[in-house]
Amino acid sequence: MCKKMMHYKRYQHWSKKEDVFVVCVDEELNSGYNCKRAKPKLFYLLFLSLISFSFIFLYSFSSEEGGLVPKTDINSCSSVSNGTICCERSSIRSDVCVMKGDVRTGSASSRITLYRNNGHSDYVLRDPDENDEVLQHEKIRPYTRKWEKNVMDTIDELDLVVKGKYYGVRQKCDVEHDVPAIFFSTGGYTGNLYHEFNDGLLPLYITSQHFNKKVVFVILEYHNWWIMKYENVLSHLTEYPIIDFSGDKRTHCFPEAIVGSRIHDELTVDPSLMGNNKTIRDFRDLLDRAYWPRIRGLIQDEEREARMNKEKLVSSPSSESKMVATEEKKDLKKPKVVIIARNDSRAIMNEDSLVKMIEDIGFHVEVLRPQRTTELARIYRVLNSSDVMIGVHGAAMTHFLFMRPGSVFIQIIPLGTDWAAGTYYGEPAVKLGLKYIGYKILPKESSLYDEYDKNDPVLMDPNSVNDRGWEFTKKIYLDRQNVRLNLGRFRKRLLRAYYHSVANENERLRRQSQ
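An unreviewed UniProt entry lists the protein under the name EGF domain-specific O-linked N-acetylglucosamine transferase-like, with Nicotiana tabacum as the source organism. Listed in UniProt under the heading Subcellular location (unreviewed entry), the comment for the protein reads: "Golgi apparatus membrane".

Caption draft 1: View of the overall build of the protein. The number of helices and strands found in the protein is 14 helices and 20 strands. For the protein, the proportion of its 514 residues judged to be buried stands at 48%. A separation of at least 24 residues holds for 72% of the contacts in the protein among residues at least 6 apart in sequence.

Caption draft 2: Representation of the pattern of salt bridges. Here the structure, examined in full by the defined rule, presents 33 salt bridges. Across the pair Arg-262 and Glu-88 runs a salt bridge, and its minimum N-O distance is 3.0 Å. Here the residue Arg-262 occupies a position in the loop between β15 (252-259) and α6 (280-315), and Glu-88 occupies one in strand β6 (residues 84-88), the gap between them amounting to 174 residues. Accessibility assignment for this pair places Arg-262 and Glu-88 in one class, buried. Between Arg-304 and Asp-301 there is a salt bridge; the shortest N-O distance is 2.5 Å. Residue Arg-304 and its partner Asp-301 are located together in helix α6, separated by three residues, close to a single helical turn.

Caption draft 3: The packing of aromatic side chains, seen in detail. A complete count under the given rule lists 21 aromatic pairs for this structure. Seen from their ring centres, Tyr-194 and Tyr-424 are 5.5 Å apart, and the 45 degrees between their planes marks the pair as tilted. Of the two residues, Tyr-194 sits in helix α3 (residues 193-208) while Tyr-424 sits in helix α10 (residues 418-432), which places them 230 residues apart along the sequence. Here Tyr-194 and Tyr-424 have matching classes, each one buried. Note on Phe-363 and Tyr-498: the rings are 5.2 Å apart at their centroids and 90 degrees apart in plane angle, and the pair reads as edge-to-face. Of this pair, Phe-363 sits in the loop between α8 (351-361) and β17 (364-368) while Tyr-498 sits in helix α14 (residues 487-513), and the two are 135 residues apart along the sequence.

Caption draft 4: Quick peek at the sheet that holds strand β20 (residues 435-440). Here we have five strands laid out as an open sheet, ordered β17-β16-β18-β19-β20, and parallel in their pairing. The open sheet has two edge strands with one neighbour each: β17 and β20. Each strand of the sheet is rotated relative to its neighbour by a mean of 20 degrees, with strand direction disregarded. Direction of pairing for strand β16 (residues 336-340) relative to β17: parallel, over a ladder of five bridges. Pairing of Ile-339 across the sheet is with Val-367, part of β17.

Caption draft 5: Inspection of the nonpolar core at higher detail. Phe-197, Tyr-291, Phe-400 and Phe-402 are the most contacted members of the largest nonpolar core, which totals 62 residues. Ranked by residue count, the leading element in this core is α3, at eight residues. When residues of this core are sorted by domain, at least three fall in each of domain 1 (84-119 + 130-263) and domain 2 (336-513). Setting aside residues up to four positions removed in sequence, Tyr-291 forms contacts with Tyr-230, Asn-232, Val-233, Leu-376, Ala-377, Tyr-380 and Phe-402. Core analysis: the next-biggest nonpolar cluster, separate from the first, contains 32 residues, Met-357, Ile-358, Val-392 and Val-458 among them.

Caption draft 6: Looking closely at the side chain of Ser-208. Secondary-structure assignment places Ser-208 in helix α3. Setting aside anything within four residues of it in sequence, one finds Ser-208 in contact with Ile-182, Val-215, Phe-217 and Leu-237.

Caption draft 7: Unusual backbone geometry, seen in detail. In this structure, Ser-110 is a non-glycine residue whose phi angle is positive, near 50 degrees. Looking at where Ser-110 falls in the secondary structure, it is placed in the loop between β7 (96-106) and β8 (111-115). The backbone phi angle of Asn-212 is positive, close to 55 degrees, even though this residue is not glycine. On the secondary structure map, Asn-212 appears in the loop between α3 and β13 (216-220). A residue is classified by how much of its surface remains accessible, and Asn-212, at 60% relative accessible area, is exposed.

Caption draft 8: Main features of helix α9 (residues 376-384). Most of α9 sits out of view: seven of its nine residues are buried. Taken as a whole, α9 has its buried residues at Leu-376, Ala-377, Ile-379, Tyr-380, Val-382, Leu-383 and Asn-384.

Caption draft 9: Molecular detail of the environment of Ile-140. Relative to the helices and strands, Ile-140 is located in strand β9 (residues 136-140). According to the relative accessible area criterion, Ile-140 is buried, its value standing at 2%. When near neighbours in sequence (up to four residues on either side) are disregarded, Ile-140 contacts Asp-95, Val-96, Cys-97, Asp-156, Glu-157, Leu-158, Leu-160 and Val-259.

Caption draft 10: Quick peek at the side chain of Arg-284. Along the polypeptide, Arg-284 turns up in helix α6. Contact partners of Arg-284, with chain neighbours within four places excluded, come to Tyr-380, Asn-384, Leu-401, Phe-402, Met-403, Arg-404, Pro-405 and Leu-432.

Caption draft 11: Geometry of the state of the cysteines. A complete count under the given rule lists three disulfides for this structure. What pairs with Cys-77 in a disulfide is Cys-86, and their sulfur atoms sit 2.0 Å apart. Sign of the S-S torsion, about -70 degrees for the bond between Cys-77 and Cys-86, identifies this disulfide as left-handed. Through a disulfide, Cys-173 is tied to Cys-253; the S-S separation comes to 1.9 Å. Across the S-S bond of Cys-173 and Cys-253 the torsion is about -100 degrees, and the bridge reads as left-handed. Here Cys-173, found in the loop between β10 (158-163) and β11 (175-176), pairs with Cys-253, found in strand β15; they are 80 residues apart in sequence, far enough to count as distant. Summarising the burial analysis for this pair, Cys-173 and Cys-253 share the class buried.

Criteria and cut-off values
- Residues numbered from 1 in each chain as written.
- Predicted model: local features only at pLDDT ≥ 70, side-chain atom pairs only at ≥ 80, totals over all residues.
- Heavy atoms only, no water.
- UniProt positions renumbered as here; feature names shortened; annotations may be inferred.
- Helix = DSSP H or I, 4+ residues; strand = E, 2+ residues; numbered from the N terminus.
- Buried < 20%, exposed > 50% of the residue type's maximum accessible area, 1.4 Å probe, protein only.
- Contact = heavy atoms within 4.5 Å.
- Salt bridge = Lys/Arg side-chain N within 4 Å of Asp/Glu carboxyl O.
- Phe/Tyr/Trp six-rings, centres within 6.5 Å; stacked < 30°, edge-to-face > 60°.
- Pairing = 2+ DSSP bridges.
- Axes fitted to C-alpha atoms, helices over the stretch in contact; angles between N-to-C directions.
- Core = buried A, V, L, I, M, F, W, Y, C linked by side-chain atoms within 4.5 Å.
- Domains from an automatic or database assignment.
- Disulfide = S-S within 2.5 Å.

The structure is reproduced here in structure tokens:
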């Protein structure tokens, strides 16, 4: 089965039971493999396939769209000599080029030029025997959705060129830097939270963290709102002002440039591909350091306001206000559930009943409705202090990155979204150290149940609908579907989350007492 969503994980192997070639698609977390079998028509096909299979053991494979892709080295361009460009193009997700030496920007021509000589002189003597030809020319679109042609066509393309040692007059350095630069784009799907983290921040962390902030970021398709939104995080990756490649017409000179950023998998960091064994937990620790200064400021503001309110209560006490304060203290001792509520499709239609049931189990409940303009530090504060996060599959599930390892993430999985829910959020959450619980709804729990015949493939065979193309998946399952939970069925997941949270708290108290 070939599902056309974003990309697919394919594995190839030979069945030991019969001489058939098997192609398996890993569709969702803990679901096993869905395998297609096809018998070769001729014996020589079997022979050729066996030869091809033997080469598999020469490589370590990563699961990427479009088939088997060899797992690249930690950094195949780690030892680039001066005056050369080295490009890593084996990944299906992104291209990365490294330039070392006298690197100069030229935004007007969308070009980055590398001169073969050392130093930053603006004029050199021309050797009469040396021509003006470009010695090396590479093209690159520095964005991490390489396999998606439609979106990549919208990304600005850069020309990377190497010119000879005696190349006459060159661009004058308006700004000289003594640290490397990383060039990347914030175009494409930027504006969607999942893509901002998966395609932008995480690859930037992977590519830059070993510089220990001694690196300059140069952005194509620069957006002021993106800088403001993520300034807390960016300040922990670089200590230098960020450059708008197209807007800054000056020539910036660097001793090294990395064009493009490296990406491992969905919302994760693969320690085997990191020279210092960093993991997704290290990225989460960076988020913690980035957001806590702002959170402390929010807490101080609230404490100041609380003191003022307390003074008012002392001057005019009321039994009602005392009762509310007492109730709030009780709630603070309970495990906390945060529901990430959607504002459009895939909403929980019986949300009020769900909240009541969660409270009856023994949780304190907070419903969070994040907007595009909601400050991320505020969201981080809410989720970082919670024990359980609940939400319907969608980009907002990216907020699981704000949860503490050991907490619980319950993802409600609408019809037709099984594979995406597991791949984009379920599996990455487990890698972060969360207890992940996927709740796959039944057809009766979907609003589509009232729109289609009970035996319609939309309800009974969503995979066949997804096979028709991404536009059908989006139109039917993502844009037009809401959820009405079977509360009795969902309660079982909540109880598991409750017992897990209580056990975590008891363990924390036990350690404190030692």
